[in-house]
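# Summary of structural features
Residue strings, one per chain:
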Amino acid sequence: MSDAVLATIDRTPEPGMGVFNKKLGMWVFLLSEVMFFTSLIGSYIILRYAHPDHFAAPGELLNVNLTAANTFLLICSSVSMVKAFAAIQQGDLKGLQRWLLVTILMGTAFVSVQAYEYIMLSHEGFLPGLADYTAHAGGPLYGATFYVMTGFHGAHVSLGVLALIFVYIRALRGEYTVADHEGVEVIGLYWHFVDLVWIILFTIVYLI
Amino acid sequence: MSSAIPVGDSHSEDHHDLGFIRTYIFSTDHKMIAKQFLVTSLLFLALGGMLAAMIRWQLGFPGQPLPFNLGAILPDTMAPGGIILPEFYNSLVTMHATFMVFFALMPLMAGVFGNLLIPLQIGADDMAFPRINMLSFWITPVAGAIMLASFFVEGGAAGAGWTSYAPLSTSGEWTGVYLGQILWLVSLIVLGFSSITGALNYVTTVIAMRAPGMTWFRIPLATWSLFVTAWLLLLAIPILTGGLILLLLDQTIGTAFFRPEGSGEPLMWQHIFWFFGHPEVYILILPAMGFVSEVIANRSRKPVFGYHSMVVAIVAIAFLGWVVWGHHMFQSGMNPFLGMSFMATTVVIAVPSAIKTFNWIGTLWKGDIHFDTPLLHAVSFVALFVIGGLSGIFLASAPVDIYLHDTYFIVAHLHYVLVGGSLFGIFAGITFWYPKMFGRMMNETLGKLHWGVSFIAYNLAFFPMHNLGVQGMMRRIYDPNQYEFLQSLQSTNTFISKSVFVFVSVQVLFAINFFWSMRKGKKAGDNPWDSNGLEWACPSPPPHGNFAEIPIVHRGPYEYSYPGREQDFWPQNEAPVESFGASTKPEHKPGE
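Let me sum up the structure you'll find in this document. For clarity, every value in this text was computed on a predicted model and none was experimentally measured. (Residues numbered from 1 in each chain as written. Chains lettered and ligands numbered in written order. Predicted model: local features only at pLDDT ≥ 70, side-chain atom pairs only at ≥ 80, totals over all residues.)

## Structural notes on the overall build of chain B
Of the regular secondary structure elements, chain B holds 18 helices and two strands. Relative to a compact globule of 592 residues, whose C-alpha radius of gyration would be 25 Å, chain B shows 24 Å and is just as compact. Taking the principal axes of the C-alpha coordinates as reference, chain B spans close to 80 × 50 × 50 Å. Buried positions account for 56% of the 592 residues belonging to chain B. Restricting the contact set of chain B to residue pairs at least 6 apart, pairs at least 24 apart contribute 82%. (Helix = DSSP H or I, 4+ residues; strand = E, 2+ residues; numbered from the N terminus. Rg over C-alpha atoms; globule rule 2.2 N^0.38 Å. Buried ≥ 20, exposed ≤ 12 C-beta atoms within 10 Å, placed from the backbone. Contact = placed C-beta atoms within 7 Å.)

This is the structure:
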């Protein structure tokens, strides 16, 4: 084939979604996470509609004020995650490190408050198992659904904190630049997703 | 006359020798992962077949000791004196279905062909995330080991059926199985990660890594069906995982999600399970439809009839698959009004399915048909899928299902779809792409013999089951002779069992052919079937990185017997001669 023909051949790869592969992969993964939380939240909705007597009124058993403060903390950690990403987009490695650390600390604080809440509730006899059930506001389904939903969310936050620590170590080594900071963006997506799930959980478990 | 672009040395780092462990065990190469999936899932298929043979022994020859002195091998908790115990029979039906669905058919379709075909057919050098891909494979043997271990624990393996309906599955009080059921749950939760990581790879790869010119409507149908299947896996498996976790908590820490004694809802398990379960049904059939479309077009030397309608039908089936789950539950106590709407949505699925069937027939029509093993398997798929689809319409209509629910009619139906459909489709796929995987052809005589005996024995085994079901024989019954009205069916049951033994035994021919051809088969060459897809534009087996040069795609995948061409095929990457002055990626002409 002559050079003239070669020159006319369109060599651009087919357009995907216009994002890099890891970001697309994270979006796709988060869709499966949506379905996972849907199964847990859906079961909660079904059980709550079927047995309203098993579920206490808002604030009767759960400490709404404490959790509201905790929710605020998690939302703030999403903001600091955005700040971290914005910093490295400007090439500000120090800013990235600082805001990542803030995010890690707030994420850790969220999980710690949740652990404290679990300990307090278990002392009041609020437990997931049927055999452990002692009289408290609501019935045994209340504890089971509460611990499953908030527990799996807490596990997701904890994994997110671990991933953020990994990214933080890489940031301390200076491995992110203006041109290459895919890892920060991908973990950021995950972090915002976990935040979003919590806002839904806080609403349906604590407020409604 | 190659239109491909030299990539230079961008892959040269891949070409160094990786050593045995990185090449054969912890490989990140999608083709090696496909082969790993192939070998493990064929082993699980064999295991599932042996469990089926034991089930059929009990039904064909109830109360008689197992042949070949198997009773001496099995412990007294399973088959004292070689006679299968009812509890062990429950484990057999449960584990047969579990291994076949989760460890044989799913990995054979998504694991083997998703890995092998997707990067090759779209012209990519590997998956988007090769290490996640490796993880996806290595989870499978771990989950399989947990599942196998459950046979050896006290109480035996899970016995609540593969659907594990609550409350039967929530406590060992009902089945006598304690740890076995927990291991069953843990194994499937672990296996879910394999499906999700695999699916996330397939979706990303197809969206983001297509070669220049590989527009959406130039993607071969095998990849299209695997892409849609990946979406189903991605969205359905997490639902199952969620349900399994709740059931596991009921079993272990004593929650009451599905236990009525704690106000739990057993029916909710059925909803969760079938909300996953019906997309799962299409996960098990859509890839086979894709393989069959490729084989039929290639072996009839004709373009696929209605390529666009084929794609639309795949997407439509996958979409409708989400809104039909209630047809498994007509008899569950669900609101009958809900049953009616589920009946309507289910019957609608017949439309895209029929479109596909007529398109396959239209493709074969007046084609230059080459009757070799892949085509025979593919045409068997079409025939048997139609029978399975039609019996599905019976079960989809609530009034008929009330009569046929949980009888052998459903066993016949699901085996027509999953063995006659999926398994014959998989055989079509394996025999067709074997030369690409191993560089050698499979033996044609052995292949035809395997197909012929399989096809006959299969139909003799499963067709009479429709009759058993209509006469009232229950789906998971240990010994039908306990009911007087079923005693007259014993001769049919014995006949079915003998046919199943023939069907299972003849698979040895396939195994011999598979391993013999790997070493002794005829050398295949790059393109033994004169096919158009990009997978045939690279060597057999393809090297690490697949393509020496990034291929450029100029046309759809099914340009067979194009008028005016000397060759009766037209590879997707062959440059058009008259490309002077114009871009070779012109405005896209559908179905060109």
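So much for the structure itself; the text now carries on.
## Observations regarding the overall build of chain A
A count of helices and strands for chain A gives six helices and zero strands. The helix and strand sequence of chain A, counted from the amino end, reads α-α-α-α-α-α. A compact globule built from 208 residues would reach a C-alpha radius of gyration of about 17 Å, whereas chain A, at 22 Å, exceeds it by more than 25%. In terms of its C-alpha atoms, chain A occupies a principal-axis envelope of roughly 85 × 40 × 25 Å. With 208 residues in all, chain A has 38% of them scored as buried. Across chain A, contacts joining residues at least 24 apart in sequence account for 78% of those joining residues at least 6 apart.

## Thoughts on helix α6 (residues 182-207) of chain A
If you check α6 of chain A, its first and last C-alpha atoms are 37 Å apart, about what 26 residues at 1.5 Å a residue would give, namely 38 Å. Those residues of α6 of chain A that sit buried are Val184, Val186, Ile187, Gly188, Trp191, Phe193, Val194, Asp195, Val197, Trp198, Leu201 and Val205 of chain A. (Expected span 1.5 Å × (residues − 1).)

## Remarks on the nonpolar core
Among the nonpolar cores identified, the biggest contains 229 residues, and Val203, Leu234 and Val292 of chain B are the most heavily contacted of them. Broken down by element, the residue count for this core peaks at 23 residues, all from helix α4 (residues 86-122) of chain B. Excluding its chain neighbours within four sequence positions, the residues that come into contact with Leu234 of chain B are Val28, Leu31 and Ser32 of chain A together with Ile196, Ala199, Leu200 and Val203 of chain B. (Core = buried A, V, L, I, M, F, W, Y, C linked by C-beta atoms within 7 Å.)

## Remarks on the packing of helix α14 (residues 373-396) of chain B against helix α16 (residues 408-438) of chain B
All names here are of chain B. Contact pair α14 / α16: the axes reach a minimum separation of 8 Å and the direction vectors enclose 160 degrees. Here α14 lies roughly antiparallel to α16, going by the angle between them. Here α14 and α16 pass one another in a crossing that is left-handed. Per-class residue counts for the contact of α14 with α16 are 16 nonpolar, eleven polar and no charged. (Axes fitted to C-alpha atoms, helices over the stretch in contact; angles between N-to-C directions. Parallel < 35°, antiparallel > 145°, perpendicular 65-115°, else oblique. Left-handed = near helix turned anticlockwise from the far one by under 90°. Nonpolar A, V, L, I, M, F, W, Y, C, P; charged D, E, K, R; others polar.)

## Quick word on the packing of helix α2 (residues 21-50) of chain A against helix α5 (residues 140-172) of chain A
Residue and element names in this part refer to chain A. Here α2 crosses α5 at 160 degrees, and the two axes come no closer than 10 Å. It follows from the interaxial angle that α2 and α5 lie roughly antiparallel. The handedness of the crossing between α2 and α5 comes out as left-handed. Here α2 contributes Leu40, Ile41, Tyr44 and Leu47 to the contact with α5, which in turn contributes Leu141, Thr145, Val148, Met149 and Phe152.

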